Amino acid sequence: KNNEKTAIPLQLPSNEKTEEVIYSPDGLWVAKRFIGRSSINLDRIEIQYVNGSVVWNIPFEGAILDREGDVWIEIPPQGEIWEGDPNPTIYILEWSRDSRYLYFYIRYFADGYQPLLDKFDLQRIDVKSGIIEKVLPGTGDMDFSFSPNQDYLIYTRGQDIPRRIVIRKTS
């Protein structure tokens, strides 16, 4: 099954506060993360040219799957009301060194404690085509990081028993 999808144009309020701004290594792109300030889901990442024109919107919606691959959390469509907890959100991980891809993921914070593995669904968007694809196999909670030169992706998944750390060459 192909897990690719494409970023979509999205018209949302322009008076929101930017939570995070990350420029691409080549200086041509900027990624901005927006978080809704109410019970309405407005969370998203925008990719813009440095002149400010929006190229892609990555909406935060869909479902987060648990370790068995079943739906754990339903994320309402953009502009819809959140129901229940926990309230995860979308985060930027980093740009690829060649500025072609922006890596992002889902993370959640539980009330009263912080889980050890609190990340889900590492994905990347090709800024030229808008195609979004899943980077890591599996479902459920994970943790991941690139090596400093991005030659390797290091990850662990909650679904793996016994636990293991995987080091994978990226190219």
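Residues numbered from 1 in each chain as written. Predicted model: local features only at pLDDT ≥ 70, side-chain atom pairs only at ≥ 80, totals over all residues. Heavy atoms only, no water.

1. Some points on the overall build of the protein chain
A count of helices and strands for the protein chain gives zero helices and 14 strands. Relative to its 171 residues, the protein chain shows a buried fraction of 45%. When contacts within the protein chain are restricted to residue pairs at least 6 apart in sequence, those whose partners lie at least 24 apart make up 42%. For the protein chain, the exposed area adds up to about 9500 Å²; of that, 50% sits on carbon and sulfur atoms. (Helix = DSSP H or I, 4+ residues; strand = E, 2+ residues; numbered from the N terminus. Buried < 20%, exposed > 50% of the residue type's maximum accessible area, 1.4 Å probe, protein only. Contact = heavy atoms within 4.5 Å. Areas by Shrake-Rupley, 256 points an atom, 1.4 Å probe, with all protein chains shown as cover.)

2. Brief notes about the nonpolar core
Formed by 22 residues in total, the largest nonpolar core has its most connected members in Ile45, Ile47, Ile58, Trp95, Leu102, Phe104 and Ile125. Breaking this core down by element, the ones donating at least two residues are β3 (29-34), β4 (44-49), β5 (54-59), β7 (71-75), β8 (89-95), β9 (101-107) and β10 (119-126). The next biggest cluster of nonpolar side chains, apart from the first, holds twelve residues, and it includes Tyr101, Tyr103, Met142 and Phe144. (Core = buried A, V, L, I, M, F, W, Y, C linked by side-chain atoms within 4.5 Å.)

3. Observations regarding the layout of surface pockets
Counted as a void, the second largest pocket has a volume near 280 Å³. In terms of lining residues, the second largest pocket is bounded by 15 residues, among which Tyr103, Arg124, Phe146, Gln150 and Thr170 are the most central. Listing elements by their share of the lining of the second largest pocket, those giving two or more residues are β9 and β14 (166-169). The residue inventory of the lining of the second largest pocket, partitioned by class, reads five nonpolar, four polar and six charged. (1 Å grid on protein atoms, 1.4 Å probe; cavity = no way out; pocket = protein on both sides within 12 Å on 5 of 7 lines; lining within 4 Å. Points joined across faces, edges and corners; volume = space filled by probe spheres on them. Nonpolar A, V, L, I, M, F, W, Y, C, P; charged D, E, K, R; others polar.)

4. Points about the side chain of threonine 156
Inspection of the secondary structure puts threonine 156 in strand β13 (residues 152-157). Judged by relative accessible area, which is 17%, threonine 156 ranks as buried. Reaching out from threonine 156, the side chain makes a polar contact with the backbone oxygen of arginine 164 at a distance of 2.8 Å. The residues contacting threonine 156, other than those within four sequence positions of it, are Leu117, Met142, Asp143, Arg164 and Ile165. (Polar contact = N/O pair within 3.5 Å; in protein donor to acceptor, adjacent residues only side chain to side chain.)

5. Some thoughts on the packing of aromatic side chains
Under the criterion given, the structure shown has nine aromatic pairs. Taken together, a centroid distance of 5.8 Å and an interplanar angle of 15° make the contact between tyrosine 91 and tyrosine 105 stacked. Highlighted residues: tyrosine 91 in strand β8 and tyrosine 105 in strand β9, separated in sequence by 14 residues. On the accessibility criterion, tyrosine 105 (7% relative accessible area) is buried. Here the basic side chain of lysine 119 rests over the ring of tyrosine 105, its NZ or CZ set 5.5 Å away from the ring centre. (Phe/Tyr/Trp six-rings, centres within 6.5 Å; stacked < 30°, edge-to-face > 60°. Lys NZ or Arg CZ within 6 Å of the ring centre and 35° of its normal.)

6. A look at the pairing of β3
Of all six residues in β3, five are buried, a share of seventy percent or more. When strand β2 (residues 18-23) meets β3, the two strands line up antiparallel, connected through five bridges. Residue pairing in the sheet places isoleucine 22 in a bridge with alanine 31 of β3. Linkage of β2 to β3, two consecutive antiparallel strands, is achieved through a turn of five residues, within which glycine 27 is found at a positive phi near 75°. (Pairing = 2+ DSSP bridges.)

7. As for a nonpolar patch on the surface
Residues Val21, Tyr23 and Val50 make up a contiguous nonpolar surface patch of about 290 Å² in total accessible area. Tracing the chain through its elements places tyrosine 23 in strand β2. In this structure tyrosine 23 comes out as exposed when scored by relative accessible area, which is 54%. (Patch = residues over 30% accessible without salt bridge, like charges linked within 9 Å, V, L, I, M, F, W, Y side chains within 5 Å. Salt bridge = Lys/Arg side-chain N within 4 Å of Asp/Glu carboxyl O.)

8. A look at the side chain of aspartate 126
When you line up the elements, aspartate 126 lands in strand β10. Polar side-chain contacts of aspartate 126 include one of 2.7 Å to the side chain of arginine 100. Beyond its immediate sequence surroundings of up to four residues, aspartate 126 is in contact with Trp56, Arg100, Tyr101 and Ile131.

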